[in-house]
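Next come the chains, spelled out residue by residue.
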Amino acid sequence: MTMNPTISLIEQRVSANRFDASHTLADAEIEELARLATRAPTAYNLQNWRFIAVRTPEGKARLRGLAQGQAKVSDAAVTFIICGVLPEPAAIADRLAGFVASGFMPADMASRWQEGARAQYADPQTARDEALRSATFGASTLIYAAGALGLASGPMVGFDAEGVAREFGLGPAEVPAMLVAVGRAAAGNWPQKPRRQLAEVLEIA
């Protein structure tokens with residue numbers, strides 16, 4: 001039986017630490033990765049994320065200094081700073097406008113979504129949690145988009161978030177959630193490490 005290519009990608013995905021430092025990606029390739037990442041789920045269609053693609057030697061050096069000196073930051077063709085953005089309910093009307101105009105959603109439902117988001121994210125911690133959720137969805141989708149395009153990826157959380165925000169000019173509503181290095185794998189990466197037994201992590205209620 002031929003395995004579904006998406007399932008095969010999930011089964012074989014690894015977090016790469018070694019990248020071919022001679023490999024580069026064109027602007028159009030980086031844009032395609034980010035475009036695919038934006039197809040990720042997002043509450044209320046907020047799309048509250050931002051992707052900073054660090055690919056110049058100077059930018060990589062600055063980022064590597066804030067990421068515990070991890071070589072993959074500078075060896076990969078590009079390292080993305082994945083940012084979640086604090087939810088802005090007022091933006092929902094604009095982000096749903098095309099959906100409403102196409103007849104998929106009644107206009108009054110879009111208004112209810114906006115009011116629901118306003119109430120839900122009034123608490124600052126809840127708003128920050130949502131920003132991190134959206135960034136994580138975007139990062140995960142980016143990782144699998146890279147794999148589908150024949151590229152390796154290495155997500156990382158070992159970095160100075162405040163330093164990254166300062167050094168790369170993040171706004172006060174932007175939360176750097178993780179870094180994702182993307183490029184061509186070099187020799188020496190480990191295969192996918194063993195996973196826990198399903199019975200340890202799954203409950204069917």
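Going by an unreviewed UniProt entry, the chain carries the name Nitroreductase family protein and comes from Achromobacter pulmonis. Listed under Sequence similarities (unreviewed entry) in UniProt, the entry text for the chain is "Belongs to the nitroreductase family."

1. Here's the deal with the overall build of the chain
Check the secondary structure of the chain and you find 9 helices and 4 strands. Shown N-terminal to C-terminal, the secondary structure of the chain runs as helices and strands in the order α-α-β-α-α-β-α-α-α-β-α-β-α. The dimensions of the chain, computed from C-alpha atoms along their principal axes, are 55 × 50 × 35 Å. In the chain, which comprises 205 residues, the proportion classed as buried is 39%. Surface summary for the chain: the accessible area is close to 11,700 Å², and the carbon and sulfur share equals 55%. Each charge class in the chain can be summarised by its mean position, and for the 20 positive and 21 negative side chains these summaries are 5 Å apart.

2. Focus: the packing of aromatic side chains
Per the stated rule, a full pass over the model turns up 4 aromatic pairs. Seen from their ring centres, Tyr44 and Tyr121 are 6.0 Å apart, and the 85 degrees between their planes marks the pair as edge-to-face. Residue Tyr44 is found in the loop between α2 (27-37) and β1 (49-54), and its partner Tyr121 is found in the loop between α6 (107-120) and α7 (124-148); the two are separated by 77 residues along the sequence. What links up through ring pairs into an aromatic cluster is the set Tyr44, Trp113 and Tyr121. Across the ring face of Phe168, the terminal group of Arg62 is positioned such that the distance to the ring centre comes to 4.6 Å.

3. As for the environment of Phe51
Considering the arrangement of structural elements, one finds Phe51 in strand β1. Each C-alpha atom of the pair Phe51 and Pro176 lies 9.6 Å from the other, and the pair is 125 residues apart in sequence. Excluding residues within four positions of it along the chain, Phe51 makes contact with Ala37, Thr38, Phe80, Ile81, Ile82 and Gly138.

4. Some details on the sheet that holds strand β3 (residues 152-156)
Read from one edge to the other, the open sheet built from 4 strands follows the order β1-β2-β4-β3, with strand pairing classed as antiparallel. At either end of the open sheet lies a strand with only one pairing partner, and these are β1 and β3. Taken over all neighbouring pairs, the strand axes of this sheet differ in orientation by 25 degrees on average, direction set aside. Across 8 bridges, strand β2 (residues 78-85) lies against strand β4 (residues 174-183) in antiparallel orientation. Following the sheet pairing, Ile82 is matched in β4 by Met178.

5. With respect to a nonpolar patch on the surface
On the surface, Leu198, Val201, Leu202 and Ile204 cluster together to form a nonpolar patch covering roughly 440 Å² of accessible area. Its location among the elements puts Leu202 in the segment after α9 (198-201).

6. What about the nonpolar core?
The biggest cluster of nonpolar side chains holds 22 residues, and the ones touching the most others in it are Leu25, Leu33, Phe80, Ile82, Leu142, Val180 and Val182. Listing elements by their share of this core, those giving two or more residues are α2, β1, β2, α7 and β4. When residues no more than four places from it in sequence are discounted, the contact partners of Leu25 are Ile30, Leu33, Arg55, Ala77, Val78, Leu151 and Val182. Core analysis: the next-biggest nonpolar cluster, separate from the first, contains 19 residues, Ile52, Leu66, Ala67 and Cys83 among them.

7. A word on the environment of Ser111
The residue Ser111 is located in helix α6 in this model. Residues Ser111 and Val85, spaced 26 residues apart in sequence, show a C-alpha to C-alpha distance of 21 Å.

8. Here's the deal with α6
With 14 residues, α6 should cover 20 Å at 1.5 Å per step; its first-to-last C-alpha distance of 20 Å lies within 8% of that length. As for α6, its buried residues are in contact with α5 (92-101).

9. So, the packing of α5 against α6
Interaxial distance between α5 and α6 falls to 10 Å at its minimum, and their mutual angle equals 155 degrees. If you check the angle between α5 and α6, you find them roughly antiparallel. Between α5 and α6 lies a crossing of right-handed hand. Two secondary-structure elements touch here, α5 through Ile92, Ala93, Leu96 and Val100 and α6 through Ala107, Ala110, Trp113, Gln114 and Ala117. Here the contact of α5 with α6 is composed, by residue class, of 8 nonpolar, 1 polar and no charged.

Rules used in this analysis
- Residues numbered from 1 in each chain as written.
- Predicted model: local features only at pLDDT ≥ 70, side-chain atom pairs only at ≥ 80, totals over all residues.
- Heavy atoms only, no water.
- UniProt positions renumbered as here; feature names shortened; annotations may be inferred.
- Helix = DSSP H or I, 4+ residues; strand = E, 2+ residues; numbered from the N terminus.
- Buried < 20%, exposed > 50% of the residue type's maximum accessible area, 1.4 Å probe, protein only.
- Areas by Shrake-Rupley, 256 points an atom, 1.4 Å probe, with all protein chains shown as cover.
- Lys, Arg positive; Asp, Glu negative; His and termini not counted.
- Charge placed at Lys NZ, Arg CZ, Asp CG, Glu CD.
- Phe/Tyr/Trp six-rings, centres within 6.5 Å; stacked < 30°, edge-to-face > 60°.
- Lys NZ or Arg CZ within 6 Å of the ring centre and 35° of its normal.
- Contact = heavy atoms within 4.5 Å.
- Pairing = 2+ DSSP bridges.
- Axes fitted to C-alpha atoms, helices over the stretch in contact; angles between N-to-C directions.
- Patch = residues over 30% accessible without salt bridge, like charges linked within 9 Å, V, L, I, M, F, W, Y side chains within 5 Å.
- Salt bridge = Lys/Arg side-chain N within 4 Å of Asp/Glu carboxyl O.
- Core = buried A, V, L, I, M, F, W, Y, C linked by side-chain atoms within 4.5 Å.
- Expected span 1.5 Å × (residues − 1).
- Parallel < 35°, antiparallel > 145°, perpendicular 65-115°, else oblique.
- Left-handed = near helix turned anticlockwise from the far one by under 90°.
- Nonpolar A, V, L, I, M, F, W, Y, C, P; charged D, E, K, R; others polar.

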